[in-house]
Amino acid sequence: MTAIVGITDGNTVVIAGDSAGVAGQLTQLRLDSKVFNNGPYAIGYTTSFRMGQILRYAVKTPVPPEREEDLHAFMCTNFINGVREGLKDGGWASKNNDQEEGGSFLVGVRGRLFEIGHDYQVGELVDGYTAVGCGEEIALGALHATGNAGLSLESRAIAALEAAAHFSTGVRPPFTVVRTTKGDD
C-alpha cells in the first residue's frame, strides 16, 4: 500500500503521501493522513496505519542538535531510540531472531531528508529525494524526470504521487503534503 515521497533543496523538506488503505484486494480511502508534522519533524510512513498513529501521537520526538554535522549521528541514535521505545510501548515493534523490526518511513528535519528502514537503519540519499511504499519505483522515476523541470518541491512531489497513482493499484489521491524548514525548531 501507498506511496510516500520526500524531497529537499537543503533548506526545506517536503513529504507527501496518498490516502489509500489496502488490505488484500480491498482499497479504501483513509481520512487519517500518512504524512504529518511531529515537532520540528515532517514524517511520512508506510507499512501500517497503527505504526503511523504511534509515530504521530505517542513518540515524543527529541530536539535535534544545533550543529548540522551532528544530525546524522543524532538520527541514528537519539531519534531512533525514541521511535523504538514508542513503537514497543504502542505494541507495534516486533522481534525476530533477537533483531528488532519496525516499519519504513521518511523524516525531514533541518532541511535534510532521512529514510528509515524496517531494521531502523537511517539512510540519507545523495539525490535529495526518495520514496517508500508500493509506488516507490514509479515515484522515484517521476522525481528523477522532473529534476530539471524548474518545478517547486511540492509540484515535484505531487507529480510523483500522480504517476504512482496512475500505474499502481495501491496508490490513490487525495494527496497530503507537509513541509519543514531549517528554522522550524
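Asker: Would you take a moment to explain the pattern of salt bridges for this structure?
Answerer: Counting across every chain of the model gives 10 salt bridges. R67 serves as the salt-bridge partner of E69, at 3.1 Å between the closest nitrogen and oxygen. Where E154 meets R179, a salt bridge forms, and the shortest distance between an N and an O atom there is 3.6 Å. One end of the pair, E154, is in helix α4 (residues 153–167); the other, R179, is in strand β13 (residues 176–181), with 25 residues separating them in the sequence. Linked by salt bridges that have partners in common, R84, E85, K88 and E100 make up one network.

Asker: Hey, could you run me through the side chain of T61 in this one?
Answerer: On the secondary structure map, T61 appears in the loop between α1 (49–57) and α2 (71–89). T61 gets classed as buried once you look at its relative accessible area, which sits at 18%. Looking at T61, its side chain comes within polar contact range of the side chain of N38, at 3.3 Å. Excluding residues that lie within four positions of it along the chain, T61 makes contacts with N38, G39, P40, Y41 and F79.

Asker: Help me out: how do you make sense of helix α3 (residues 136–145) in this one?
Answerer: Since the α-helix advances by 3.6 residues per turn, residues separated by three or four positions end up pointing in the same direction. Residues of α3 that are buried: A139, A142 and L143. Take α3 and look down its axis: the buried residues cluster within an arc of 100°, on one side only. Residues of α3 that are exposed and point more than 90 degrees away from the buried face comprise E137, H144 and A145. Residues of α3 that are buried sit in contact with β1 (3–8), β12 (129–133) and α4.

Asker: I tried to follow the nonpolar core on my own but got confused; where do I start?
Answerer: General note: in soluble globular proteins, nonpolar side chains tend to be found buried as a group. In this structure, Y41, L55, M75, F79, V83, F105 and V107 are the most contacted members of the largest nonpolar core, which totals 23 residues. Every element with two or more residues in this core is listed here: β6 (41–45), α1, α2, β9 (105–109) and β10 (112–116). Top element by residues in this core is α2. It accounts for seven residues. Residues contacting M75, with those up to four places away along its chain left out, are Y41, I80, V107, V109, F114 and V122. One finds I7, A16, Y129 and V171 within the second-largest nonpolar core, a separate group that totals 16 residues.

Asker: Explain unusual backbone geometry to me, please; I cannot follow it from the model alone.
Answerer: Glycine aside, the phi torsion of most residues is negative, and most peptide linkages are trans. Omega for the peptide link from P173 to P174 comes to 5°, which places this bond in the cis form. By secondary structure assignment, the location of P174 is in the loop between α4 and β13. Here the phi dihedral of T47 falls at roughly 90°; this positive angle occurs in a residue that is not glycine. Here T47 is to be found in the loop between β6 and α1. The phi torsion at R110 lies on the positive side, around 50°, for a residue other than glycine. Looking at where R110 falls in the secondary structure, it is placed in the loop between β9 and β10. Under the relative-accessibility criterion, R110 is labelled buried at 11%.

About the thresholds
Residues numbered from 1 in each chain as written. Predicted model: local features only at pLDDT ≥ 70, side-chain atom pairs only at ≥ 80, totals over all residues. Heavy atoms only, no water. Salt bridge = Lys/Arg side-chain N within 4 Å of Asp/Glu carboxyl O. Helix = DSSP H or I, 4+ residues; strand = E, 2+ residues; numbered from the N terminus. Buried < 20%, exposed > 50% of the residue type's maximum accessible area, 1.4 Å probe, protein only. Polar contact = N/O pair within 3.5 Å; in protein donor to acceptor, adjacent residues only side chain to side chain. Contact = heavy atoms within 4.5 Å. Arc of directions from axis to C-beta. Core = buried A, V, L, I, M, F, W, Y, C linked by side-chain atoms within 4.5 Å.

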